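# Descriptive analysis of the structure
Take a look at the letters that make up each chain.
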Amino acid sequence: MRLDTEFMWETFLDVLHGVPVTLKLTIITLLVSAPIAFFMALSRSGEGRIGRRIITAYVSFIRGTPVVLQILFLYSLLPTALNYLIKVLLGLDFNIFNINPIVYAYTVFILNTMAVLSEVFRSALSTVNHGQMEAALSIGLTKRQAYLRIIIPQALTAALPNICNTAVSLLKSTSLAFMMTVKDITAIAKIDASFGYNYLEAYLVIFFVYILLCTLVQLVFHVLERNVASYKKLITA
């Protein structure tokens, strides 16, 4: 079997146009999900039973269902139901199918990442001794100040490795965005391959591209972890 190297090179150049879309999906999803997930983690660590149960049920549901099924529900079933509700029941002249598909992609990935990161932050918060909060309150700090100055910096330090894992998993999961007609790396490669059935070459190209991107993400977090480790050494010295 002989690979079509010329096709692979052309596909590689085409796929590069999808890299910004993939990176946007990853970065924006992380930026939106992280603060919400952190407050979810705080709520689960708090005293409110109802809020804690709702968040626990949400996390269990999201983590217990495949991303593919969530995409099928949000991108295929939900718009159809909403279109019926808007046009037939409410009588409004609005076509929900005109919504940009990337909105659905962001929704799916944000909902998933919120659930994963909430568990990451919850476990990270549990690594900080509760006595530090009591000590902070005893010297006159407010609860908010204690979290900002003492608890959160330590928790984020402990969470960095798992945040890195989440970011890498998210980057790979964005390859499913092609199911929502988003022209990311995978979608562009599949379109190029469909003309001459060069799927093997196309998949090898995106395999290589995803390895590069995931390695880049891991290097970024490695630098962050190293800087944090240096900061901790200065504090404990």
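All figures in this text were calculated on a predicted structure; none of them were measured in a lab. One numbering rule holds for all chains: residues counted from 1, following each sequence as written. With the structure being a predicted model, the display of local features is reserved for residues of pLDDT at least 70 and the display and counting of side-chain atom pairs for 80 or more, all residues being used for whole-chain, interface and lining totals. The basis for every side-chain value is the complete set of heavy atoms in the structure, and neither hydrogens nor water enter the calculation.

## A few points about the overall build of the protein chain
By definition, any uninterrupted DSSP run of H or I lasting at least four residues is a helix, any uninterrupted run of E lasting at least two residues is a strand, and each is numbered from the N terminus. Secondary structure assignment for the protein chain yields 9 helices and 0 strands. In this setup the radius of gyration rests on C-alpha atoms only. A globule is expected at 2.2 Å times the number of residues raised to 0.38. In terms of overall size, the protein chain is more extended than a compact globule, its C-alpha atoms giving a radius of gyration of 22 Å where 237 residues would be expected to give roughly 18 Å. Once the C-alpha set of the protein chain is aligned to its principal axes, its extents read approximately 70 × 55 × 25 Å. By definition in these notes, contact holds between two residues if any of their heavy atoms fall within 4.5 Å. Counted over contacts in the protein chain with a minimum sequence separation of 6, partners at least 24 positions apart contribute 77%. Accessible surface, the protein chain: about 14,300 Å² in total, of which carbon and sulfur atoms supply 66%. Neither His nor the chain ends is counted toward charge; the positive residues are Lys and Arg and the negative residues Asp and Glu. Lysine's charge is taken at NZ, arginine's at CZ, aspartate's at CG and glutamate's at CD. Both charge centroids of the protein chain, one from 18 positive and one from 12 negative side chains, sit 17 Å from each other. Shrake-Rupley sampling with a 1.4 Å probe provides the accessible areas, and residues are treated as covered by the protein chains on show and by no other component.

## With respect to the side chain of Arg44
Tracing the backbone shows Arg44 in helix α2 (residues 19–45). Exposed residues in this analysis have more than 50% of their type's maximum accessible area, buried residues have under 20%, and partly exposed residues fall in between, with area computed by a 1.4 Å probe over protein chains only. On the basis of relative accessibility, which here comes to 16%, the residue Arg44 falls in the buried class. Side chain to side chain, Arg44 and Thr56 meet in a polar contact 3.3 Å long. Other than its neighbours up to four places away in sequence, Arg44 contacts Arg52, Ile55, Thr56, Val59, Glu119 and Arg122. Polar contact is the term for a pair of N or O atoms within 3.5 Å; when the atoms are in protein, one must be able to donate a hydrogen and the other to accept it, and sequence-neighboring residues count only if both atoms are side-chain atoms.

## What to know about the packing of aromatic side chains
Aromatic pairs are defined between Phe, Tyr and Trp rings, using the six-membered ring for Trp, whenever the two ring centres lie within 6.5 Å; interplanar angles under 30 degrees are classed as stacked, those over 60 as edge-to-face, and all others as tilted. Under the defined criterion, the tally for this structure stands at 7 aromatic pairs. Ring centres 6.4 Å apart and planes at 55 degrees place the aromatic pair Phe12 and Phe208 in the tilted group. Here the residue Phe12 occupies a position in helix α1 (residues 5–15), and Phe208 occupies one in helix α9 (residues 199–236), the gap between them amounting to 196 residues. For Phe208, a relative accessible area of 44% translates into the label partly exposed. Relative to Phe39, the ring of Phe38 has its centre 6.3 Å away and its plane inclined at 75 degrees; by these criteria the two rings are edge-to-face. Look at Phe38 and you get buried, because its relative accessible area is 10%. The class of Phe39 is exposed, set by a relative accessible area of 56%. Ring pairing ties together the aromatic residues Trp9, Phe12 and Phe208, which thus form one cluster.

## Section: α2
Under the convention used throughout, the expected extent of a helix is 1.5 Å for every residue step, that is, one less than its residue count. Taking 1.5 Å of rise per residue, the 27 residues of α2 would be expected to cover 39 Å, and the 38 Å separating its terminal C-alpha atoms lies within 8% of that figure. Note on bend: the value at a residue is the angle between axes fitted to the seven residues ending there and to the seven starting there. Along its length, α2 reaches its greatest deviation from straightness, about 30 degrees, at Ser33, and the proline Pro35 lies no more than four positions downstream. Among the residues making up α2, those that are buried are Val19, Thr22, Leu25, Thr26, Thr29, Leu30, Ser33, Ala37, Phe38, Met40, Ala41 and Arg44.

## Quick look at the packing of helix α5 (residues 101–126) against helix α7 (residues 143–173)
Running from N to C, α5 and α7 cross one another at 150 degrees; their axes reach a closest spacing of 8 Å. In this view, α5 runs roughly antiparallel relative to α7, as classed from their interaxial angle. Where α5 crosses over α7, the two elements pack in a sense that is right-handed. Touching Phe109, Thr113, Val116, Leu117, Val120, Phe121, Ala124 and Leu125 of α5 are Ile151, Ala155, Leu156, Ala158, Ala159, Asn162, Ile163, Thr166, Leu170 and Ser173, all from α7. Among the residues making up the contact of α5 with α7, the classes are represented as 14 nonpolar, 4 polar and no charged. Working convention: axes come from line fits to C-alpha atoms, limited for helices to the stretch in contact. Angles between N-to-C directions cover 0 to 180 degrees. Any angle from 65 to 115 degrees is called roughly perpendicular, while one under 35 is roughly parallel, one over 145 is roughly antiparallel, and all others are oblique. Each helix crossing is assigned a hand: it is left-handed if the near helix lies turned anticlockwise from the far helix by less than a right angle, otherwise right-handed if that turn is clockwise. Three classes are used, and their members are as follows: Ala, Val, Leu, Ile, Met, Phe, Trp, Tyr, Cys and Pro are nonpolar, Asp, Glu, Lys and Arg are charged, and the others, Gly among them, are polar.

## Some words on the nonpolar core
Within the largest apolar cluster, 63 residues are counted, with the highest numbers of intra-cluster contacts made by Val15, Phe109, Phe121, Met180, Ile185 and Val209. At 13 residues, α5 tops the list of elements feeding residues into this core. Aside from chain neighbours lying at most four places away, what touches Phe109 is Leu25, Thr29, Leu170, Ser173, Thr174, Ala177 and Met180. The criterion is simple. A nonpolar core is a set of buried Ala, Val, Leu, Ile, Met, Phe, Trp, Tyr and Cys residues joined through side-chain atoms within 4.5 Å.

## Comments concerning a nonpolar patch on the surface
Within this analysis, patches are made of residues with over 30% relative accessible area and no salt bridge. Like charges are joined at 9 Å or less; nonpolar side chains (Val, Leu, Ile, Met, Phe, Trp, Tyr) at 5 Å or less. Any carboxyl oxygen of Asp or Glu within 4 Å of a side-chain nitrogen of Lys or Arg constitutes a salt bridge here. Side chains of Tyr84, Leu85, Val88, Leu89, Leu90, Leu92 and Phe94 sit close together on the surface and give an oily, nonpolar patch of about 700 Å² of accessible area. Inspection of the secondary structure assignment puts Leu85 in helix α4 (residues 67–89).

## Side note on the side chain of Asn112
Checked against the element boundaries, Asn112 lands in helix α5. Excluding residues that lie within four positions of it along the chain, Asn112 makes contacts with Ile62, Val67 and Gln70.

## Focus: a negative patch on the surface
A contiguous patch of negative charge, built from Asp4, Glu6, Glu10 and Asp14, is present on the exposed surface. Classification of Asp14 as partly exposed rests on a relative accessible area of 33%.

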